[in-house]
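Residue-level structural notes
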Amino acid sequence: MSDTRQIQNICGQLERGEIDNAQFLEQFTRELAERIGCSRAGVWIFVEAAEGRALRCAAMYDASRDKMATAPDMVGAEVARYFEALTRDGCIVAPDALTHPATSGLDGDYLQRHDVRSLLDVCFSVNGVLFGTFSCEQVGNAVSWTPRQLQLLRKIGSRASLALVHAIHADADTVAGTLWEPSAPNRFATMPAPLDDQRKKP
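These notes cover the structure that comes with them. Each chain has its residues counted from 1, running along the sequence as written. Only residues with pLDDT of 70 or above have their local features reported here, since the model is predicted, and side-chain atom pairs are shown and tallied only from 80 upward, although totals for entire chains, interfaces and linings are computed over all residues. Note: side-chain values were computed over all heavy atoms of the structure, leaving out hydrogens and water.

Description of the pairing of strand β7 (residues 129-139)
For every residue, the accessible area (1.4 Å probe, protein chains only) is compared with the maximum for its type, and the residue is labelled buried under 20%, exposed over 50%, or partly exposed between those bounds. Here a strand is any run of E in DSSP of at least two residues, a helix any run of H or I of at least four, and the numbering for each starts at the N terminus. With respect to burial, β7 is a largely interior element, nine of its eleven residues being buried. Strands qualify as paired when DSSP identifies two bridges or more between them. Two elements, strand β1 (residues 40-49) and β7, share six bridges in a ladder whose sense is antiparallel. Its bridge partner being in β7, Ala41 is matched across the sheet by Cys136.

A look at helix α3 (residues 80-89)
Among all positions in α3, only Tyr82, Phe83, Ala85 and Leu86 are buried. Along α3, the residues classed as buried sweep out an arc of 160 degrees about the axis, all on the same side. In this description, contact between two residues means that some pair of their heavy atoms is separated by no more than 4.5 Å. Elements in contact with the buried residues of α3: β1, β2 (52-62), β5 (91-94), β6 (116-126) and β7. Once α3 ends, the next one or two residues include Gly90, with phi positive near 80 degrees. Here the arc refers to the set of directions running from the helix axis out to each C-beta atom.

As for the side chain of Asp62
Summarising the element assignment, Asp62 is placed in strand β2. Residue class for Asp62 comes out buried when judged on its relative accessible area of 4%. Polar contact criterion, stated in full: a pair of N or O atoms within 3.5 Å, where within protein one must be able to donate a hydrogen and the other to accept it, and residues adjacent in sequence count only if both atoms are side-chain atoms. A polar contact is formed between the side chain of Asp62 and the side chain of Ser64, at a distance of 2.4 Å. Discounting chain neighbours no more than four positions away, the residues touching Asp62 are Ser39, Arg40, Lys67 and Ala69.

Some remarks on the pattern of salt bridges
A pairing counts as a salt bridge when a side-chain nitrogen of Lys or Arg comes within 4 Å of a carboxyl oxygen of Asp or Glu. This structure, assessed with the given rule, holds eleven salt bridges. Measuring nitrogen to oxygen at the nearest pair gives 2.7 Å for the salt bridge that ties Arg56 to Asp73. You can see Arg56 sitting in strand β2 and its partner Asp73 sitting in the loop between β3 (67-69) and β4 (74-75), a full 17 residues away along the chain. Since its relative accessible area comes to 29%, Arg56 is described here as partly exposed. Here Asp115 makes a salt bridge to Arg117, at a shortest N to O gap of 2.8 Å. The exposure class of Asp115 is partly exposed, given its relative accessible area of 30%. Taking the relative accessible area as the measure of exposure, Arg117 reaches 31% and is therefore partly exposed.

Shown next, in the form of C-alpha cells:
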C-alpha cells in the first residue's frame, strides 16, 4: 500500500458517513504516527484566545501507550518563536526540541512534561488559508528527521486537509485564527476548495 493510500481511505470513509468525526481523528492520527514512525502524532489548529494567538490540540495519538491523549493550549509569548518559524518556513524540523530556537519556548508547559525530545511540524491549509499543523513527536529519545519524513508529512497534508477541517469544525466550538497577513506568500497552500460542510450523502 502506498504511503498515503490508507490516509485517502480514512478520508473517504468520513465523507461517505462510514465513520464519525471522532473516529476519523483517531484513525488519522494513528495512521500518521505509523506512517512517519513517531511516538506521538497530533493535529493542532490555530485559534485566537484571550491571551492572543494559540495552538489548540484537536487530536493526539500516543503510540507508546496505544491510546488518544490530551494536550493543553499553547499560548502567549512562550510560543511566539514557534509561530514566527511557521510563518516563515511552513514547517519546523527540530531534532532537539529542547534547544531548537522555534521550540525551546514550549519547554516550560509541554516538552518536559511529556518527555518530548524531537518535533516535526508541518502547516496545513485549505483554500489558501493556513488552518493548523500536523505535529510528530518523539518521546524519550531524540531523532534526526529525514527529508523523506518531511516530504511525506507534507504529502499527507495535501491529501487530508479538507477532511480535517470538516471534522474539526463539526466538533470544535472555535474557528481558525489568523496568523498570516492575506498578502503573505503561502508556499504550502493545499487543496483549493470551499470550506462549507456540505458533504454528499450516499
